[in-house]
There are 2 protein chains.
Amino acid sequence: MRKTIYDIARAARVGIGTVSRVFNDHPRVAEETKRRVLKVARRLNYSPHPHARRLAKQKSFTVVAVVPSFSSYFFVEILQALHDGLRHYDYDLLLSGLDYPQQTHLSLARVLDEQRADGALVLSLPIMRDLRNVLEAAKIPLVLVDTYDPAFNSVSSDNVHGAFLATQHLTKLGHKRIGMIAANTSSPPARDRLKGFKKALAEHKINLRPEWVKISRSHKLDGFTYEAGYQLMQAFMEMNSRRRPTAYFVSSDVQVVGALRAIEEAGLRCPEDIAIFGYDDIVPAEHYGISTIRQQIGEMGKSAVALLMERVTNGESKVVHRRYEPQLVIRRTCGTTQGSRSASNGSFE
Amino acid sequence: MRKTIYDIARAARVGIGTVSRVFNDHPRVAEETKRRVLKVARRLNYSPHPHARRLAKQKSFTVVAVVPSFSSYFFVEILQALHDGLRHYDYDLLLSGLDYPQQTHLSLARVLDEQRADGALVLSLPIMRDLRNVLEAAKIPLVLVDTYDPAFNSVSSDNVHGAFLATQHLTKLGHKRIGMIAANTSSPPARDRLKGFKKALAEHKINLRPEWVKISRSHKLDGFTYEAGYQLMQAFMEMNSRRRPTAYFVSSDVQVVGALRAIEEAGLRCPEDIAIFGYDDIVPAEHYGISTIRQQIGEMGKSAVALLMERVTNGESKVVHRRYEPQLVIRRTCGTTQGSRSASNGSFE
DNA sequence: CTGAAAGCGCTTACAG
DNA sequence: CTGAAAGCGCTTACAG
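The structure displayed is predicted, hence computed values, not measured ones.

Caption draft 1: Representation of the packing of helix 1 (residues 5-12) of chain B against helix 3 (residues 31-43) of chain B within the structure. Residue and element names in this part refer to chain B. Close contact between helix 1 and helix 3 brings their axes to 9 Å; oriented N to C, the two are set at 125°. Comparing their axes, helix 3 and helix 1 come out oblique. As helix 1 runs across helix 3, the sense of the crossing is right-handed. Residue-level contacts link Ile8, Ala11 and Ala12 of helix 1 to Arg36, Val37, Val40 and Ala41 of helix 3. By residue class, the composition of the contact of helix 1 with helix 3 is six nonpolar, no polar and one charged.

Here is the structure:
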C-alpha cells in the first residue's frame, strides 16, 4: 500500500504538518526532527503524492510545450534540450502537438484554462492575432522559443545575422552570382533568413536577381523539407548554366540535402561546380560536409527553461529577449576561394 | 477566478455531487438536470480541476513513455503516433528520457513508485534483468513497443521477417554475393535483422561469408547512425572489388545514407555498381530512393495505445503480443534484375 | 434521481 | 520549532 504523510508522522512521532515542512524545506524545522523524519521516510520508501501536492499548492508543477511538429530535426533537438533542462526543476513537460497551426491558440487556451500548466514554451510559431490574444489573456509565464514578439519573453537565434554571415562568406570566396533557396516566408525564421541574404548582397554591392531567389510555397513544415530543396534546385538546374548562380544560400540543411540530390542528377558536383551554404547544422550536416550556420540549440533550450522557471518560481516579470548569435561552420559544400574561374565569371556580371 | 464545482452547483441549483455526476457520465442523472448543469457549466466556462480529480479518483490519467533517445527518426515518429493515440483518451503523455540505458529501470521505478502514471509504454529497450524486476513489481499495465518479452504485452514488428524479405529480394534480383552492414547486436532489432539476413541466405543456399558481415560496435544509438553506415561501407570499399559483395542489406536507412556516401567517395554508383537494401523507411528514404522495409509505425503506435488503455480502463489483463508484418518498399537503390553481369559473377561463386 | 458528508493526500496560516 | 485544523476541488458510497 502506498505510504502517506500520516504513516510517516506516526512512525516519526511528529505531526503531519512537520513531515510536510520537512519535505518542503521549510526553514524552521529542528535539525534533529528533520533527520528523524527523513530517515523514517526513506525506510518506508515514502514520496509525496504529486497530485495531492499540486492540489494543495494550487500549482501544477508542469510546463507545456506547444510544438508545431514533431517531425523535424530541429524540434527534436530543442525538445530534448527543454526536457533535459526541466529535470533540474522537477517539473513535468506536457507536450501539446498541433495538427493544424491554426488551432494553436485553441489547444493552448484549453491547457491554460484548465490550469494544467504553470508556464508555457511556445516553439517556432508565428504569433498571429488569435494566438497573441490567448497568450495575453493567460496570466501565466511564458517564453517564446525560436520566434520573436516584442510583447513576450523570447529566446531566439538571430536568423538575419546568420543568413548574412553565410551569404557574406560566399561573397568572400569570390562569388558574384549568388542565389537563394528559401522556405515559405510565412515562417518567421524563413523570412529572416531571406532578409539576411538580401542584406549581405546589398552590403557587398551584389545585384539581387529576382529569378535567383526561389521561395517554397509548401505548407508542409513551411518548405523546410528535402522535397522543397530538391525541387527548387531542380528549377535552377534547368536554367542555362551561364545564366544561373555559382553559389547558393539555402535556408536549411534539410533542403540542402535535397538540393545536393538535384545537383548530382544534373551531372554536376558540389563544391566543384556549385557552392552551397546551408543553415541549422542538423546532425547529418557534418556527415555531408555541409557548410552551415549553427544555432546553439542546446544553449537556447537551457536558457528558455531558465527564463521560464525564474518567472514561474520567483515571479520575475520583466520581459526579456535573449538572442543567440549563430556561428559559421565551414565544411565542404561551400568550396574554397574561387580562383581564375570566379574572376572570369565575375567579369560577366 | 477559477470556477469550481460549487459555483456550478449554486448556479444550477443542485448539489455538488450532481455536478460531479454529470461530468462523470453517471448513468442515473435526469436528462433535464444534466442539461441544466451543462448549460451553466458552459456559461461559466467551467472545467474540472485535473489534479483534484486525480486525487479523488486515485488515478493519474497519465501514461509514461520511456524512450531511450529522442534523436532518431524512429522515435520521433513512434512518439508522434503515441501522442496522437492518447489524445482520444484524454490521457497525458509523460516523457521519461534516459541519459544512460543502464538507468532505465531506476527512472521507471521512480515514476511508478510515485504513482505518476497509470500505465507505461516502454520503447525499444532490451529487457534486462533489472528492468524486468521493476516491471514485474510495478502493478500497472504496460506495453512494450518495438521490443519483445514473453512476460509483457508487446507491439512489435517482425524484424527477422523484414530482414528476410529484404535479403530475399536481393537474391531474386540475381545477386549471389550479398553482404550486410549490421547495427550493434545488443539491440534486439539489430539482432533480429541479422538473423533474418542469415535465414534468407541459408534458404536460398547462398554461402555466408563472415567477412561480408560487418557489425557496428558503436554504443551511440547502437550503431544505427550515419557514421556507422559510412565507416562500415568504407571498410567494404577497401576490399578488392572482385572479392566483395555486389549487394548489401543494411540494417537501417540512416546507415544507408552514410553507406551511399562511402560508395560515392569510392567512385562507385548505386544501384549501377552496388545494390543496397535498407530498413525502416524513414522520411528521407523516399527522397534517396532507398529500397527498404517499412514498419507500420503509425499502426504500431495506435495499437500500443489501444492495448494499454484496454488494460488501464477495463482492467483487461491477458498478455497479448501483436506483431506487425513489415512491408517491402522497392525503390531505386536495390537496382533491377542482374543481367549478364549477375550471371557471370554468380558463376565465380 | 439527488443531497450531505466523508475522504483522497497534501499545505499552511494560526496558536502556542 | 511544532501540532491541530481548515482547506485545495473533486468523487462516491450512503440515505432518502
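Caption draft 2: Looking closely at the protein's contact with DNA strand C. In the vicinity of DNA strand C, 28 residues are found, and the nearest of them are Ser20(A), Thr18(B), Arg21(B), Arg28(B) and Thr33(B). Considering DNA strand C, the proportion of its atoms within 4 Å of the protein that are sugar or phosphate atoms stands at 67%. Contacts to DNA strand C include Ile5(A), whose backbone N or O atom sits 2.7 Å from a phosphate oxygen. Measuring from a sugar or linking oxygen of DNA strand C, one finds a side-chain N or O atom of Gln58(B) at 3.2 Å. Secondary structure elements with two or more residues in the surface near DNA strand C: helix 1 (5-12), helix 2 (16-23) and helix 4 (50-57) of chain A together with helix 2 (16-23) and helix 4 (50-57) of chain B. With five residues, helix 4 of chain A is the largest single contributor of residues to the surface near DNA strand C. Residue classes in the surface near DNA strand C are distributed as 13 nonpolar, 10 polar and five charged.

Caption draft 3: Representation of unusual backbone geometry in the model. In the segment running from Cys270(A) into Pro271(A), the intervening peptide bond is cis, with an omega of 10°. Relative to the helices and strands, Pro271(A) is located in the loop between helix 11 (253-265) and strand 9 (275-277). In the Ramachandran plot, Lys205(A) falls in the positive-phi region, its phi being about 50° despite a non-glycine side chain. Its identity as a non-glycine residue notwithstanding, Leu221(B) has a phi of 50°, on the positive side. Along the chain, Leu221(B) falls in the loop between strand 7 (213-215) and helix 10 (226-237).

Caption draft 4: Summary view of the pairing of strand 4 (residues 142-145) of chain A. Residue and element names in this part refer to chain A. Here strand 4 shows no split at all, with Leu142 and Leu144 on one side and Val143 and Val145 on the other all buried. Across four bridges, the pairing between strand 3 (residues 119-123) and strand 4 is parallel. The residue bridging Val122 from the neighbouring strand is Leu144, located in strand 4. Regarding topology, helix 7 (residues 129-137) serves as the crossover connection from strand 3 to the parallel strand 4, and that connection is right-handed. Pairing of strand 4 with strand 5 (residues 153-157) involves three bridges; the strand directions are parallel. Bridged to Val145 within strand 5 is Val155.

Caption draft 5: Looking closely at the packing of aromatic side chains. In this structure the tally under the stated criterion is 10 aromatic pairs over all chains. The structure contains a cluster of three or more aromatic residues connected by ring pairs, namely Phe197(A), Phe249(A) and Tyr279(A). Directly above the ring of Tyr279(A) sits Arg193(A), whose terminal nitrogen or CZ lies 3.8 Å from the centroid. If you follow Arg323(B) out to its NZ or CZ, it ends over the ring of Tyr148(B), 5.5 Å from the centre.

Rules and cut-offs
Residues numbered from 1 in each chain as written. Chains lettered and ligands numbered in written order. Predicted model: local features only at pLDDT ≥ 70, side-chain atom pairs only at ≥ 80, totals over all residues. Heavy atoms only, no water. Axes fitted to C-alpha atoms, helices over the stretch in contact; angles between N-to-C directions. Helix = DSSP H or I, 4+ residues; strand = E, 2+ residues; numbered from the N terminus. Parallel < 35°, antiparallel > 145°, perpendicular 65-115°, else oblique. Left-handed = near helix turned anticlockwise from the far one by under 90°. Contact = heavy atoms within 4.5 Å. Nonpolar A, V, L, I, M, F, W, Y, C, P; charged D, E, K, R; others polar. Near = heavy atom within 4 Å. Polar contact = N/O pair within 3.5 Å; in protein donor to acceptor, adjacent residues only side chain to side chain. Buried < 20%, exposed > 50% of the residue type's maximum accessible area, 1.4 Å probe, protein only. Pairing = 2+ DSSP bridges. Right-handed = clockwise from strand over helix to strand, strands pointing away. Phe/Tyr/Trp six-rings, centres within 6.5 Å; stacked < 30°, edge-to-face > 60°. Lys NZ or Arg CZ within 6 Å of the ring centre and 35° of its normal.

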